[in-house]
Amino acid sequence: MTRPLVGWGGKDELMATAGTPVPAGDVTQRVGVEVIRARGVDVEKLIKMLIANAAAEFASTYYYYTILRMHLAGYEDYKEICEDARLEDRAHWELIVPRIYELGGELPNDLPEFHNQAGCAAAKLPNPPTVINILTVLLESERCAIRSWSAVCDMTFGKDPRTYDLAARILNEEIEHEAWFIELLAHERDGKSISSGHFRRGEPGEAPYSKNRAFYNP
Ligand SMILES: [Fe+2]
Ligand SMILES: [Fe+2]
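So, how was this worked out
Residues numbered from 1 in each chain as written. Chains lettered and ligands numbered in written order. Predicted model: local features only at pLDDT ≥ 70, side-chain atom pairs only at ≥ 80, totals over all residues. Heavy atoms only, no water. Core = buried A, V, L, I, M, F, W, Y, C linked by side-chain atoms within 4.5 Å. Buried < 20%, exposed > 50% of the residue type's maximum accessible area, 1.4 Å probe, protein only. Helix = DSSP H or I, 4+ residues; strand = E, 2+ residues; numbered from the N terminus. Contact = heavy atoms within 4.5 Å. Salt bridge = Lys/Arg side-chain N within 4 Å of Asp/Glu carboxyl O. Donors = N, O, S within 2.8 Å, 3.2 Å for Na, K, Ca; no water.

Asker: Mind laying out the nonpolar core, listing which residues take part and the relevant values?
Answerer: Within the largest apolar cluster, 31 residues are counted, with the highest numbers of intra-cluster contacts made by L50 and W149. Within the residue set of this core, elements represented by two or more residues are α2 (31–38), α3 (43–70), α4 (76–102), α6 (131–156) and α7 (161–190). The biggest single contributor to this core is α3, with eight residues. If sequence neighbours within four positions are ignored, W149 has contacts with L50, N53, E57, I96, A167, I170, L171 and E174. Residues L68, L138, L139 and L184 belong to the second largest nonpolar core, which totals 19 residues.

Here is the structure:
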């Protein structure tokens, strides 16, 4: 928002117009939350969405992709690509969890409860665990992630730049993951070449958009 220089009343006007009447020294409210609420974000709903997405990253995908990867024996190239998607979902989990707390939310103190709040179905090992069935599970999981993170982007665009930035960085990778598994499934199931444009990450789980430093995601 651009402000005219004439009539700009400095910090007093800023306090009055920003919709953030948080008294000095008050630690029960957050200006970082009140400014996005004033811009129209339903913060409580956003927190629920972020917990659902965090659960999808950690429980629905990172955990179950571990099992899926174990059953790609004999397909070492597919195994490696599944591993990239798996580790990047862990990076997504690490990236988004601090934002839940910044917004005043918290994770359930109970892992089954957390798992059951996931916004995407668990990527369970299919029966029979053929390579085609596994790739289908992977593809549909990525599609759920794209829908979920797009919803967060839509809700925060132009209102909550920090959550938007984190969600958009994750979404970039989910879109890549979908393209990877379309390519592999089309090749394996249909004998078709539908390129994702992918070669390989520099190292497993590189997460070029969602991981700037390796501190939390070695
Ligand atoms: Fe993810
Ligand atoms: Fe993904």
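Asker: An account of the pattern of salt bridges is needed here, citing residue identities and associated values.
Answerer: What the rule picks out here adds up to 15 salt bridges. The closest approach of N and O atoms between R99 and E102, which form a salt bridge, is 2.6 Å. Note that R99 and E102 are positioned in helix α4 at a spacing of three residues, about one turn of the helix. With a closest N to O distance of 2.6 Å, R201 and E176 form a salt bridge. Of this pair, R201 sits in the segment after α7 while E176 sits in helix α7, placing them 25 residues apart in sequence. Members of the salt-bridge network, linked through shared partners, are R99, E102, D160 and R162.

Asker: So, the coordination of the iron ion (ligand 1): which residues are in play, and what are the values?
Answerer: Within the first shell, the iron ion (ligand 1) binds the protein through E57 (OE), E57 (OE), D89 (OD), H92 (ND1) and E174 (OE), at distances of 1.9 to 2.6 Å. Sequence spacing among the residues donating to the iron ion (ligand 1) works out to E-x31-D-x2-H-x81-E. Separating the iron ion (ligand 1) and the iron ion (ligand 2) is a distance of 3.7 Å, and E174 donates to both of them. Taken as a pair, E57 in helix α3 and E174 in helix α7 lie far apart in primary sequence, 117 residues in all. The exposure class of E57 is buried, given its relative accessible area of 2%.

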